[in-house]
Amino acid sequence: MKMIVNVDQNWGIGLKNQLLVRIPADLKFFREHTENHVVVCGRHTLESFPGQVPLPNRTTIVLSRNPKYNVRHAIMARSVEDLIGILKEEGYDLDDVYIIGGQKVYQDLLPYCDTAYVTKVDYEYEADAYFPNLDNDEDWECTEVSEEQTYYDIIYHFTTYTRKNPVEM
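The sections below set out a description of the structure shown in this document.

What counts and how
Residues numbered from 1 in each chain as written. Predicted model: local features only at pLDDT ≥ 70, side-chain atom pairs only at ≥ 80, totals over all residues. Heavy atoms only, no water. Helix = DSSP H or I, 4+ residues; strand = E, 2+ residues; numbered from the N terminus. Buried < 20%, exposed > 50% of the residue type's maximum accessible area, 1.4 Å probe, protein only. Contact = heavy atoms within 4.5 Å. Phe/Tyr/Trp six-rings, centres within 6.5 Å; stacked < 30°, edge-to-face > 60°. Lys NZ or Arg CZ within 6 Å of the ring centre and 35° of its normal. Pairing = 2+ DSSP bridges. Core = buried A, V, L, I, M, F, W, Y, C linked by side-chain atoms within 4.5 Å. Salt bridge = Lys/Arg side-chain N within 4 Å of Asp/Glu carboxyl O.

### Description of the side chain of T160
- By secondary structure assignment, the location of T160 is in strand β12 (residues 154-163).
- Of the residues examined, T160 reaches a relative accessible area of 12% and is grouped as buried.
- With near-sequence residues (within four places) excluded, T160 lies in contact with T115, A116, Y117, E141, C142, T143 and E144.

### Quick look at the packing of aromatic side chains
- Tallying each qualifying case throughout the model produces nine aromatic pairs.
- Taking the centre distance of 5.5 Å and the plane angle of 90° together, the rings of Y156 and F158 count as edge-to-face. In terms of burial, Y156 and F158 fall into one category: buried.
- Clustering of aromatic rings is evident, with ring pairs tying together F29, Y98, Y117, Y156 and F158.
- For R43, the ring lying beneath its charged end belongs to Y69, and the centroid distance is 5.8 Å.

### Examining the pairing of strand β1 (residues 2-7)
- Of all six residues making up β1, six are buried, and the element is well covered by its neighbours.
- Burial along β1 is two-sided: the residues K2, I4 and N6 and M3, V5 and V7 are all buried.
- Across two bridges, the pairing between β1 and strand β7 (residues 97-99) is parallel. Bridge pairing links M3 to I99 in β7.
- Two strands pair when backbone bridges link them, and β1 and strand β8 (residues 115-121) are joined in this way by six bridges, in the parallel orientation. By the bridge assignment for β8, M3 is matched with A116.

### Notes on the nonpolar core
- In this structure, M3, I99, L109, F131 and L134 are the most contacted members of the largest nonpolar core, which totals 30 residues.
- Where this core is concerned, the elements lending two or more residues are β1, β4 (38-42), β5 (59-63), α3 (80-89), β7, α4 (103-109) and β8.
- Not counting chain neighbours up to four residues away, the residues in contact with I99 comprise M1, K2, M3, I4, V40, V105, Y106, L109 and C113.
- Counting 21 residues, the second largest nonpolar core, distinct from the first, contains F49, V71, M76 and Y98.

### Let's talk about the sheet that holds strand β9 (residues 129-130)
- Taken in spatial order, the three strands of this open sheet run β3-β2-β9, and their pairing is antiparallel. In this open sheet, the two edge strands, each paired with only one partner strand, are β3 (18-19) and β9.

### Quick word on the environment of P24
- Note on placement: P24 falls in helix α1 (residues 24-34).
- In this structure, the C-alpha to C-alpha distance between P24 and Y151, residues 127 residues apart in sequence, is 8.3 Å.

### Considerations on the pattern of salt bridges
- Counted according to the given criterion, the structure contains four salt bridges.
- A salt bridge links K28 to E32, with the shortest nitrogen-to-oxygen separation between them at 3.8 Å. With K28 and E32 both in helix α1 and four residues apart, the pair spans about one turn of that helix.
- Among the residues examined, K28 registers a relative accessible area of 42% and is labelled partly exposed.
- Salt-bridge contacts for D135 lead to K120; the nearest nitrogen and oxygen are separated by 2.9 Å.

### Concerning unusual backbone geometry
- Residues G101 and G102 are joined by a peptide bond in cis, for which omega reads 5°.
- Along the chain, G102 turns up in the loop between β7 and α4.
- Despite not being glycine, N36 shows a phi value in the positive range, around 65°.
- Locating N36 in the fold gives a position in the loop between α1 and β4.
- Given a relative accessible area of 66%, N36 falls into the exposed group.
- Within the chain, H73 stands out as a residue other than glycine whose phi angle is a positive 65°.
- Summarising the element assignment, H73 is placed in the loop between β5 and β6 (75-77).

Here is the structure:
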């Protein structure tokens, strides 16, 4: 599985259930990587989407412990174990599964992922949700960094992190 995320200098990802910054090239990068694939997100992330509905052209799995929470046009998973079972049962290629947030989902599924696409913004925003700092995790290494990108006065890089010892599921 893969993760895809936009982080600030402190690995912040959100504030009050909203992205810290919207960069058109980053949103395009996200769309190009996730369209026609399986995406896994938590309830709060889903509720931050336009209309609080799954994104188009993706199979969406929502990870929520709340047994009463259901979403039209999405598959519900109640635990990480349930999610893994669904992925195997449905025969999804794990290379086609993208974890898209939020904080708890990223934390819980990091051990199952082998690649992370991280858009790193060179700015420190106020944040209340964070992605695990892969620079401080000895299991991960940064294997690719784009040239410097800019959007108005925002400087950012597209980076790829790879797990040193791939996960077996």
